[in-house]
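Chain by chain, the residues:
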Amino acid sequence: MNADGALALRSPPDGGPLRGVAAAGGGFGLRRLLAVSLAVTFVVWGVISWPLPRHLFTAIPAAAHPAPANVQAMFSGDHLQYLYYCWLAADMMAGGTPAFHNLYEFYGGTDKACYAADPYYVPCSLVFAAGYWLGGRAFGWNALGFVSLWASLLATWLLARRFTRDDAMAGLAAALALLLPCRWISLFGGSPTGPALVWVPVVFLGLDLAVREGRMAGGWLAGIAIVFANWTDLHVFFFSALFSPAWMLLVLLSREEGDWSWSYWKRVIRALFPFMVLAALAVLSSHVFAWVNQRVTGLPPAESMDERSWDKVERLSPFKGGLFSRKDNGVSNLLYVGFVLPALLVFGGLRAVIVTGPGGSGFFRRFWVLAALAAGILTIVLLALGVHGPGGGLALKFCREYIPYYSLIRQPLKIYCLMPTVLAVALAMTLTALAAGARSRPVRLGLLMAVGAPALLEYGSRVNPTLTRLDKEQGAYAVVAGAMKRMETPSAVLVLPLWPGDSHDTSTYQYYSSLYRLRMVNGYSPMRAHDYVVNVFRRLESLNQGDLTDEQLNLLQTLKVSHIVVHEDQFPEQVSPFPVAFTLKQLLNHPRLKLLKQEGPVWAFSLLPEPVSRPDAAPHWAVFGTARRLEAEGCVGSGGAPSEKGPLVRRGLVVEKDPAAGGREYVRFQESGARLAGEELWVGRAPELRWLVRVRGAGTLTARLSSGAFPLGEAPIPVASREWTWATVPVVRHDRFAPVGLSLELREGAADVDMLLLAAGQWEPPRKPGDFLTIPAPCFFHAGHINRANDSVTIRKTDPMAQIFYGPKLPFEKGRYQIEFLFNTAAREGTLLGRMAAAWEDGGDHRWTDVFAGRPALLDLEQKENLPVHFIFFNLGLADLEIRGVIFKKVE
């Protein structure tokens with residue numbers, strides 16, 4: 001610190017490249033700098049994160065989007081995974097969990113196998129731990145977010161003032177850079193990149209000190225920051241290290257003429273030595289951790305990161321419209337730079353160049369520094385665009401080809417971790433130029449407000465948070481925890497649905513397992529272990545469909561699993577062809593399982609030592625929708641689709657257009673022996689498992705069932721109708737979880753095939769006017785939770801505003817139907833609860849009908865073709881409701 005109290009981190013007395021431009025501004029002492037940065041952070045955080053300040057101790061951010069902020073019940077995502085690891089580190093420090101033991105996921109039967117040497121996001125997890133011990137998990141998480149913002153603003157301010165003497169403009173530039181949506185989207189979304197962004201300005205600040213002044217402290221600062229970046233987010237580490245040489249060149253470019261002697265270069269090399277050593281140690285530490293883990297546990301290492309395919313990168317590449325578009329652009333939202341900051345850069349840059357003119361002091365140095373910063377910003381944008389950059393992603397292709405490890409990056413937008421820092425330095429220079437001559441305090445304050453307020457308004461509206469309330473308890477897990485405590489030896493829990501180990505859906509399980517300290521067989525890690533995928537997931541995957549065999553019971557015993565927990569509201573179509581009620585019914589009726597407790601959407605089962613016979617626990621759950629549909633034209637093979645010039649012909653099959661067909665196309669069998677094979681679908685044992693095939697024509701098809709290379713049987717399908725009809729092919733000899741495929745071959749005559757559906761359970765749609773079918777709510781695909789007492793589904797107003805109740809996606813006959821949506825609610829009469837629609841798929845018109853409390857919910861459906869019907873309820877989250885079911889009545 002200097003005698004006047006100013007931090008000795010600014011540029012040396014020469015004033016950097018803007019000497020003469022900043023005649024006003026004065027210096028900020030340390031205490032003033034800390035106080036002002038804290039106040040600015042508090043204001044920015046309060047405005048952008050609202051209503052988070054009202055829920056500091058109960059909820060955490062889970063997403064950021066342009067839509068209005070909202071508060072929801074707890075749901076899975078990266079935020080819960082990051083929270084779990086921060087909690088685990090805090091619990092290790094407090095002695096609740098043995099050091100370097102991740103006991104609560106990927107449990108393999110012994111605590112030794114759970115040894116996991118890892119940095120556990122230190123020092124971010126240390127900040128969380130302090131907040132956690134003071135006010136619980138939500139407060140610890142929110143404290144980490146706030147402290148990371150404050151530290152980022154402070155570090156960026158200190159770096160920016162190295163390029164200008166105007167501390168106020170440097171602070172304003174840092175604050176403006178803090179507003180960029182990329183930071184908030186990462187922070188609110190639970191990405192480790194969010195808090196880790198603080199290390200970018202710290203690394204560059206240390207390098208500035210080392211290169212500009214040859215100070216050893218700068219090398220140590222940059223080195224420690226690069227190590228912490230490695231421990232908290234590998235993307236921040238990679239790009240900080242990658243751009244470090246460029247930043248050092250920028251610092252050299254910004255130095256005024258002075259000491260360029262050999263002694264200066266020796267000081268610089270000596271100052272940079274700690275940075276280079278610590279950066280190397282950071283890389284080495286990852287390999288050391290992996291080696292230690294393998295030596296202690298004896299388990300094979302987790303799968304290494306493979307080169308990301310161009311297709312995978314393309315799916316996560318933003319579009320350039322995201323730079324300025326005010327719409328919700330999905331992943332492209334992170335790219336947004338808006339209008340205020342670019343305008344400040346352009347007009348401030350022009351003034352910075354013009355204010356002194358070519359003959360002025362430092363003109364060329366100022367010009368080249370600004371040009372270098374502009375080039376850096378442009379490079380970041382071009383690489384962030386990924387595949388959608390100029391020339392089809394030419395810049396990205398170059399980096400993937402010639403820069404080691406760049407091809408491992410799946411999300412091109414990760415390079416945006418550099419944008420706030422680089423942009424802040426450029427803004428510091430341009431804002432200083434714009435403020436030149438503004439000496440009086442009222443004028444400068446007016447300038448700050450004129451720039452800051454519009455920027456806060458513009459960028460703050462792009463990142464409204466979705467908050468998720470953290471549960472303090474969960475009754476089903478509590479019952480399991482109580483039962484486990486009474487056991488003589490440690491036991492584990494298996495949670496359904498089961499994922500391969502790299503799905504964020506498992507983060508909810510992580511949260512509850514840590515809440516009750518349950519050893520869990522499941523887990524969530526981007527670097528999933530091959531041993532877990534092969535020996536746990538593949539062997540137990542059928543439990544997602546409720547299919548539990550004696551062989552699997554033996555494996556569960558080996559893994560010391562004593563309980564199974566089911567999350568009813570986390571069953572996407574990906575894990576089962578049928579609604580979650582199908583899985584629950586199988587488990588409820590299993591002779592070796594006993595339901596201990598259901599609380600909300602969580603069901604807890606215990607494994608019994610001997611089988612117990614019992615009556616059907618859910619006799620009314622007989623109709624199950626299906627999520628497995630194959631279009632015949634999609635089974636023909638690659639090579640395109642029919643065009644206006646003519647149909648697609650392949651191996652005796654012709655793809656034709658027809659508005660009455662699902663997907664608007666069908667396959668015509670042109671000659672005897674023509675064969676069409678559908679994709680094999682994994683399915684367990686299921687009652688009345690069958691293929692439904694939509695056909696027409698005059699001939700005979702041979703249906704052949706297979707499972708991999710093993711034939712299961714064949715049967716003829718007589719076709720004798722000019723209209724589309726449905727043929728049933730029962731799946732025979734299917735006694736285990738395995739792929740089931742269907743191929744069709746024309747034996748004689750002519751036949752057309754439209755689609756194939758894999759179905760199970762009963763299905764008898766209304767046939768004649770007056771007939772009706774009532775499907776209980778549990779038999780639909782749904783969020784919320786089932787009430788077994790009255791076969792209903794409860795939807796809470798905190799559940800997502802989305803299509804959270806739908807089905808059955810099974811075929812209905814042609815005709816007119818009246819559909820009644822049955823529900824109860826305590827909401828005041830006339831309250832809008834949601835919207836509903838129904839249509840025959842791929843041809844119907846989804847006309848939405850409002851659903852009001854206290855009024856019948858009716859809609860008419862004109863079923864023009866006998867295609868699968870898709871009923872949808874869209875929840876608006878305005879009240880709780882209890883869905884009893886849906887009645888389909890044929891009117892004519």
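Small disclaimer: the values here were computed from a predicted structure and weren't measured.

Caption draft 1: View of the state of the cysteines. Tallied over the entire structure, the rule returns 0 disulfides. There is no disulfide at C399, and the cysteine sulfur nearest it, in C417, is 13 Å away. The thiol of C417 is not disulfide-bonded; the next cysteine sulfur, from C182, is found 8.9 Å away. Of the residues examined, C417 reaches a relative accessible area of 3% and is grouped as buried.

Caption draft 2: Looking closely at the packing of aromatic side chains. For the coordinates displayed, the defined rule picks out 46 aromatic pairs. Between Y666 and W724, the aromatic rings sit 5.6 Å apart at their centres with planes inclined by 70°, giving edge-to-face as the arrangement. Here Y666 is found in strand β12 (residues 665–669), whereas its partner W724 is found in strand β16 (residues 710–730), with 58 residues between them in sequence. For the pair shown, Y666 and W724 are each scored as buried. Stacked on the ring of Y336, the Lys or Arg R462 has its end atom at 4.8 Å from the ring centre. Positioned above the aromatic ring of F781, the side-chain terminus of K809 is 5.7 Å from the ring centre.

Caption draft 3: Here's a closer look at a nonpolar patch on the surface. Side chains of F273, M276, V277, L281, L284 and V288 sit close together on the surface and give an oily, nonpolar patch of about 540 Å² of accessible area. Within the element layout of this structure, M276 appears in helix α11 (residues 262–297). Assessed through its relative accessible area of 47%, M276 is described here as partly exposed.

Caption draft 4: Spatial organisation of the packing of helix α5 (residues 167–178) against helix α17 (residues 441–460). At a minimum axis separation of 11 Å, α5 and α17 run at an interaxial angle of 10°. As judged from the angle between their axes, α5 and α17 are roughly parallel. Contacts between α5 and α17 pair A168, M169, L172 and L176 from the former with R444, L447, L448, V451, G452 and A455 from the latter. When the residues that make up the contact of α5 with α17 are grouped by side-chain class, the tally is 8 nonpolar, 1 polar and 1 charged.

Here is what the cut-offs are and how they apply
- Residues numbered from 1 in each chain as written.
- Predicted model: local features only at pLDDT ≥ 70, side-chain atom pairs only at ≥ 80, totals over all residues.
- Heavy atoms only, no water.
- Disulfide = S-S within 2.5 Å.
- Buried < 20%, exposed > 50% of the residue type's maximum accessible area, 1.4 Å probe, protein only.
- Phe/Tyr/Trp six-rings, centres within 6.5 Å; stacked < 30°, edge-to-face > 60°.
- Helix = DSSP H or I, 4+ residues; strand = E, 2+ residues; numbered from the N terminus.
- Lys NZ or Arg CZ within 6 Å of the ring centre and 35° of its normal.
- Patch = residues over 30% accessible without salt bridge, like charges linked within 9 Å, V, L, I, M, F, W, Y side chains within 5 Å.
- Areas by Shrake-Rupley, 256 points an atom, 1.4 Å probe, with all protein chains shown as cover.
- Salt bridge = Lys/Arg side-chain N within 4 Å of Asp/Glu carboxyl O.
- Axes fitted to C-alpha atoms, helices over the stretch in contact; angles between N-to-C directions.
- Parallel < 35°, antiparallel > 145°, perpendicular 65-115°, else oblique.
- Contact = heavy atoms within 4.5 Å.
- Nonpolar A, V, L, I, M, F, W, Y, C, P; charged D, E, K, R; others polar.

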